[in-house]
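Chain by chain, the residues run as shown.
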Amino acid sequence: MTEPSAQNRSQVLAAKRWMDDEQGMERASLGPAEYVAYRMRISPADAQALVAAVYALDA
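### Describing the packing of aromatic side chains
The full count for this structure, using the stated rule, is two aromatic pairs. Where tryptophan 18 meets tyrosine 35, the ring centres are 6.2 Å apart and the plane angle is 80°; that geometry is what we call edge-to-face. Here the residue tryptophan 18 occupies a position in helix α1 (residues 6-19), and tyrosine 35 occupies one in helix α3 (residues 32-40), the gap between them amounting to 17 residues. Since its relative accessible area comes to 3%, tyrosine 35 is described here as buried. Of the aromatic side chains, those joined through ring pairs into one cluster are Trp18, Tyr35 and Tyr38.

Here you go:
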């Protein structure tokens, strides 16, 4: 796999910050991908990809 572009890396890090907001997710009653889509105003498919990338970074 190639190195993600700076913009993609920035989006992944932004998604990670929102995923770290567990209290916000609980208040909104949303899962990580749904919360990222809501907070970043992106499509659910894009949010799923970002969440997967965040989990890959943590692994």
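From this point, the discussion proceeds with the structure in view.
### Here's the deal with the nonpolar core
Among the nonpolar cores identified, the biggest contains 10 residues, and these are Val12, Ala15, Met19, Ala33, Val36, Ala37, Ala47, Leu50, Val51 and Val54. Elements that contribute at least two residues to this core include exactly α1, α3 and α4 (44-58). The greatest single-element share of this core, amounting to four residues, is contributed by α4. For alanine 33, the contacting residues outside a window of four places in its chain are Ala47, Gln48 and Val51.

### Quick look at the packing of α3 against α4
Where α3 meets α4, the axes come as close as 8 Å, and the angle between the chain directions of the two elements is 120°. Considering the relative orientation of α3 and α4, their crossing is right-handed. For the pair α3 and α4, contact is made by Pro32, Ala33, Val36, Ala37 and Met40 and by Pro44, Ala47, Gln48, Leu50, Val51 and Tyr55, respectively.

### Some details on the pattern of salt bridges
Working definition: two side chains of opposite charge can pair if their charged atoms are close together. One pass over the structure, following the stated rule, counts two salt bridges. Note that aspartate 20 is salt-bridged to lysine 16, the shortest N-O span being 3.8 Å. A salt bridge links lysine 16 to aspartate 58, with the shortest nitrogen-to-oxygen separation between them at 3.7 Å. Of this pair, lysine 16 sits in helix α1 while aspartate 58 sits in helix α4; the two residues are 42 residues apart in sequence, bridging distant segments of the chain. The class of lysine 16 is partly exposed, set by a relative accessible area of 25%. Each of Lys16, Asp20 and Asp58 takes part in salt bridges that share partners, so that together they form one network.

Thresholds, definitions, all that
Residues numbered from 1 in each chain as written. Predicted model: local features only at pLDDT ≥ 70, side-chain atom pairs only at ≥ 80, totals over all residues. Heavy atoms only, no water. Phe/Tyr/Trp six-rings, centres within 6.5 Å; stacked < 30°, edge-to-face > 60°. Helix = DSSP H or I, 4+ residues; strand = E, 2+ residues; numbered from the N terminus. Buried < 20%, exposed > 50% of the residue type's maximum accessible area, 1.4 Å probe, protein only. Core = buried A, V, L, I, M, F, W, Y, C linked by side-chain atoms within 4.5 Å. Contact = heavy atoms within 4.5 Å. Axes fitted to C-alpha atoms, helices over the stretch in contact; angles between N-to-C directions. Left-handed = near helix turned anticlockwise from the far one by under 90°. Salt bridge = Lys/Arg side-chain N within 4 Å of Asp/Glu carboxyl O.

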